[in-house]
Amino acid sequence: MFRSRSWFGGGWGRPKNPHSLEHLKYLYNVLSRNQTVSEHNRGLLVETLRSIAEILIWGDQNDSSVFDFFLEKNMLSFFLRIMRQRSGGSSFVCVQLLQTLNILFENIRNETSLYYLLSNNHVNSIIVHKFDFSDEEVMAYYISFLKTLSLKLNAHTIHFFYNEHTNDFPLYTEAIKFFNHPESMVRIAVRTLTLNVYKVEDASMLAFIRDRTAAPYFSNIVWFIGKHIQELDVCVRNDADHQSQNRLSDLVAEHLDHLHYLNDILCLNITDLNQVLTDHLLHKLLIPLYIYSLSTVRKPTGGVEAITKALNQKLNLNESSSNGGIPHEPSTGKVSCVVALFLLSQVCLIISHSPVVQTVAWIVLKSDRSIYDKGVEKLLEAYENEMKRNGKNEEASGSESSFKDDVVEEHKNITDEEKQRLATTPTESESVSEKPFLETVYNALDCSENDYAALFALILLYAMAYNKGIMPDINEQVLRPKKTYTSKTSSRDVRYTYNTYLVDKLLYIVLLSCQPSCRVRLVTLELALKLLVQLVMADGKSVLLESHKSTIESAKTQSTALLRNFYKSEEIFLDMFEHEYCDMSKTSLNVEWLCMDSAILLPPTGTPMTGIDFTKRLPCGEQVERARRAIRVFFLVRNVVLTLNGEMETQLPLTNPQSCVQIDQALDLNNSDLIACTVLWKDGTKTRRFLVIDVLQLILVEPDTKRLGWGVAKLVGFLQDIEVTGDKDDSRCLHITIHRPLSGTTTNRVPLLSAKFVFDDNIRCMAAKQRLTKGRIKARQKKMQHIARLLEIPGQSGPPSPAFVGGGIYNRSAGRGLRDRPFGLSRGPGFATPRWESPPGVTHRTDESRRHRDSDPKNLKKDDRTPNRSRDSSSSRTKSREGSPRMPRPRSEEIPLELIKKASNSVIDMTPKIAIVPRPQLKEESEEVEKKPEEEVSISSEETSFIASERRNSKKGGNIETV
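An account of the accompanying structure is given in this report.

Assigned secondary structure in the protein chain consists of 36 helices and 13 strands. Taking all 963 residues of the protein chain together, 50% fall into the buried category. Of the contacts formed within the protein chain by residues at least 6 apart in sequence, a portion of 70% connects residues at least 24 apart. Accessible surface, the protein chain as shown: approximately 46500 Å² in total, 49% of it carbon and sulfur.

Our next topic: the pattern of salt bridges. As enumerated under the stated definition, the model contains 32 salt bridges in all. In this structure, the salt-bridge partner of glutamate 254 is arginine 187, at a minimum N-O distance of 3.0 Å. With glutamate 254 in helix α13 (residues 245-267) and arginine 187 in helix α11 (residues 184-198), the pair connects residues that are 67 residues apart, well separated along the chain. Taking relative accessible area as the criterion, arginine 187 reaches 12% and is therefore assigned buried. A salt bridge links glutamate 254 to arginine 191; the shortest N-O distance between them is 2.9 Å.

Using the criterion set out here, one finds 31 aromatic pairs in the structure. When the centroid spacing of 6.2 Å and the interplanar angle of 55° are considered together, the rings of phenylalanine 131 and phenylalanine 133 count as tilted. Phenylalanine 131 gets classed as buried once you look at its relative accessible area, which sits at 9%. Judged by centre distance (5.5 Å) and plane angle (45°), the ring pair of tyrosine 162 and phenylalanine 208 falls under tilted. Remark: phenylalanine 208 occurs in helix α12 (residues 203-237) and tyrosine 162 occurs in the loop between α9 (158-161) and α10 (170-175); sequence separation between them is 46 residues. Judged by its relative accessible area of 5%, phenylalanine 208 is buried. Each residue in the set Tyr567, Phe573, Phe577, Tyr581, Phe634 and Phe635 is aromatic and connected to the rest through ring pairs, giving one cluster. One Lys or Arg, arginine 628, reaches over the ring of phenylalanine 614 and ends 4.1 Å from the middle of that ring. One residue, arginine 707, lies across the ring of tryptophan 710, its end atom 4.2 Å from the ring centre.

Interaxial distance between helix α23 (residues 452-466) and helix α26 (residues 522-536) falls to 10 Å at its minimum, and their mutual angle equals 35°. As α23 runs across α26, the sense of the crossing is left-handed. On the side of α23, the interface is formed by Leu455, Leu458, Ile459, Leu461, Tyr462, Ala465 and Tyr466, while α26 contributes Val523, Thr524, Leu527, Ala528, Lys530, Leu531 and Gln534.

This part covers empty space enclosed by the protein. For the structure on display, the rule yields four cavities of 30 Å³ or more. In this structure, the second largest cavity occupies an estimated 90 Å³ of space. Surrounding the second largest cavity, Phe179, Asn180, Arg191, Tyr217, Ile221, Phe224, Ile225, His258 and Tyr261 form its lining. Contributing elements (two or more residues each) for the lining of the second largest cavity: α12 and α13. Per-element tally for the lining of the second largest cavity: the top contributor is α12, with four residues. Across the lining of the second largest cavity, the residue classes break down as six nonpolar, two polar and one charged.

Below, the discussion takes up the nonpolar core. Inside soluble globular proteins, nonpolar side chains tend to come together where they are buried. Grouped together as the largest cluster of nonpolar side chains are 200 residues, with contacts concentrated most on Phe145, Phe169, Tyr198 and Tyr290. For tyrosine 290, the residues in contact, after removing those within four places along its chain, are Ile225, Ile229, His255, Leu285, Ala340, Leu343, Leu344 and Val347. Judged by nonpolar contacts, the second largest core, of 24 residues, contains Ile722, Leu734, Ile738 and Leu753.

What follows deals with the side chain of aspartate 668. Inspection of the secondary structure assignment puts aspartate 668 in strand β5 (residues 666-668). At 2.7 Å, the side chain of aspartate 668 forms a polar contact with the side chain of asparagine 670.

Let's shift gears to the side chain of arginine 776. On the secondary structure map, arginine 776 appears in helix α31 (residues 762-790). Contacts of arginine 776, omitting those with residues within four sequence positions, involve Glu571, Leu719, Gln720 and Ile722.

Across the chain, the bulk of peptide bonds are trans and the bulk of non-glycine residues have phi less than zero. Omega for the peptide link from leucine 652 to proline 653 comes to 5°, which places this bond in the cis form. The residue proline 653 is located in the loop between α30 (623-645) and β5 in this model. The phi angle at asparagine 167 is positive, at roughly 55°, despite the residue not being glycine. As for its placement among the helices and strands, asparagine 167 is situated in the loop between α9 and α10.

Scoring rules and cut-offs
- Residues numbered from 1 in each chain as written.
- Predicted model: local features only at pLDDT ≥ 70, side-chain atom pairs only at ≥ 80, totals over all residues.
- Heavy atoms only, no water.
- Helix = DSSP H or I, 4+ residues; strand = E, 2+ residues; numbered from the N terminus.
- Buried < 20%, exposed > 50% of the residue type's maximum accessible area, 1.4 Å probe, protein only.
- Contact = heavy atoms within 4.5 Å.
- Areas by Shrake-Rupley, 256 points an atom, 1.4 Å probe, with all protein chains shown as cover.
- Salt bridge = Lys/Arg side-chain N within 4 Å of Asp/Glu carboxyl O.
- Phe/Tyr/Trp six-rings, centres within 6.5 Å; stacked < 30°, edge-to-face > 60°.
- Lys NZ or Arg CZ within 6 Å of the ring centre and 35° of its normal.
- Axes fitted to C-alpha atoms, helices over the stretch in contact; angles between N-to-C directions.
- Left-handed = near helix turned anticlockwise from the far one by under 90°.
- 1 Å grid on protein atoms, 1.4 Å probe; cavity = no way out; pocket = protein on both sides within 12 Å on 5 of 7 lines; lining within 4 Å.
- Points joined across faces, edges and corners; volume = space filled by probe spheres on them.
- Nonpolar A, V, L, I, M, F, W, Y, C, P; charged D, E, K, R; others polar.
- Core = buried A, V, L, I, M, F, W, Y, C linked by side-chain atoms within 4.5 Å.
- Polar contact = N/O pair within 3.5 Å; in protein donor to acceptor, adjacent residues only side chain to side chain.

Next comes the structure, spelled out in structure tokens:
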């Protein structure tokens, strides 16, 4: 009746406080009475173990007597006794036991408590226990327990795990058995554990690892990496249709994990381990499998075209082939050339240990064919001999450098043609055929068919050029310009030479990319341009020869001509132009991230259905993607030309963000035209604002409470990004949507504003719609004109458009503070401008002549002075726009002043740029106005009430002038 439902029975002797020494004693009694695991008590044991861990963690921080009791009763022995049982419920309890130990060691902070737990060697007994690893849950908690223990290793705790007398280290030796476990979480935990072990500075422990486990462990790692590479190569060859991208992605990610793990070991700078690991990597993996796979293509005796043809046939680079893969003979133990280039690129991008990457770079760039035929050992022997010779040469650098200076001085007075001939040294062109690996890399740069192999060759050269572990003398003249002093006394007389053979290859890729129907991807072009800048820039300046300068200028001309074919007046071109520039300026090419993408291992495709990024695939047949590619090619080539010429970009972006109005910025709105409106948001809230229309922006302002005639910008949007539609039910309303500026992160443009604008009357509503529509058109036209000037389209010469320099008001207010920026110094944001500051050329001659003609007394009749172009009788005039007859508008398409039914003392400016003098009133009209009540005639203008209230007392009748 009073029986408790808990695992601990009735609980008559159970302490009420679960976090106390008494509760731990109670749990100890429970374990003592249930030392044999059965189906009936396994739940009780699981709950007891969980509670013990909880009390021990509490005691670690609050009561040291808890651990004293735990150690006194040797409670870990109960854990061992439970694990060693083979009863039916032991597996279930083992899972909880491992989880309890994991939580316990993970949360212990006191070193004394940790020493208590590690004493008596019970933890090592738990480590070597034969668990049932076929149970995934047991495997997961066991490996997590080992990793947690490795995080507690230091110079003091290492002696609890490594027994120097018995020469035993169970934590390490048991863990490395799972380094190739099928579960990725287990493999990652093993790598983390081994790194934590290697970081402990204990000589005897490291000696044990070196002598007993290093050679077999590293040998097994290298063997499994090689096997993994063979699987990756098979997947690439059999997936020409991009059907196994997930499998390929997993294989590439696993190879990256291997390389990062090896690099982490090498970066620990443990001499003995690094020597063993480097020896295994070079002898069993990098040279025989990675580098020797580059030499599958031997040079035929038929010239450059025959070489390229044979290479393409061997590599099967043509996308129109039946399987798109690369021939591979499993018996040779090699992988395809494209995969080898990709793998070597990853090695040079990730590993920075000098003995490894420097050996790889020297073999690829400088090894001779005669040495290559003798095998791996001779290659490594030749590299060591080369390093020894370089060391001896450095000791005798004084005498040798003077001799070199004398040799260089002999060629001091030579022509440019002779300089170019000297720059093309025999080591660049004639001896390339004698270097089998470098020859393969250079031949892969041929993009006549496609850029499949060229991309990986560029990545490899780029990685070698920027790897800090490779000495400059290996890259010099091949991947970096060579600097030679031509005078013994002065260090200013310098001559630079560079690899003209490689530069010719790169420039050919650039020129090919500027052709309309080329098959070079954007990422290949960008990488080629990056490598080109690396090759020809020295001491912050370009050392290009004149012939190469003319080639890159020709590429710029061709890219401009290519983009000129897509230049159209439609809105989509401007949006694409700005979007691509924004995207390219925000994200630059990261070569290491590029090598993480497994999609580039597959043959180039042109369909977006594969999900591959646009820069990493060919454009599809649509005109839009071809235009996007032409825009990006133009930007890339233009940027490199500016860099090589030492110039700064002054024409892009099309909109200068520094000159735009920002939110919460104070604006001087005196002499500016404003339109009052009420903004109805989608959530139902209403906000009273004043609409201001600038050259480039739409601005919603509210009056500044501190200064008369000033306003604070509360919302800012570009006119080119607005959409305006009328309301069918209410002629005073407009639906306005302002899209956010283009961003390179996403193509979905979330609206910055989407609300309903309610104006005071339909005339103001029509005026606002007209100005917004016209402002949008003009803003886009100015930017299109700016693009036309960039593309050197005939008829578009002249200074940069105001869209870039900021428009009329921006530059004149640049000298003031951000919060004190006058808005009406030049042209007002509503296009209204004071007469005394009207810029030249704004008022059209036709409009001015019409004004003079209408206001000239000679053109009026003698009896009533009625204008020649008089309207109908004033009796037919109503407050509706439909009742007034049509009249020719000025070229600015403004609404005539007489349609605005306001009194003469109301100062409202609805004209953007043209100062309009009011039409002289007829006698009938003046009499009608006099008959109207004063309250109907004198209507205060809300738009200008907060700017200058004294304007309400301005002159009446025909003397009023709206500016």
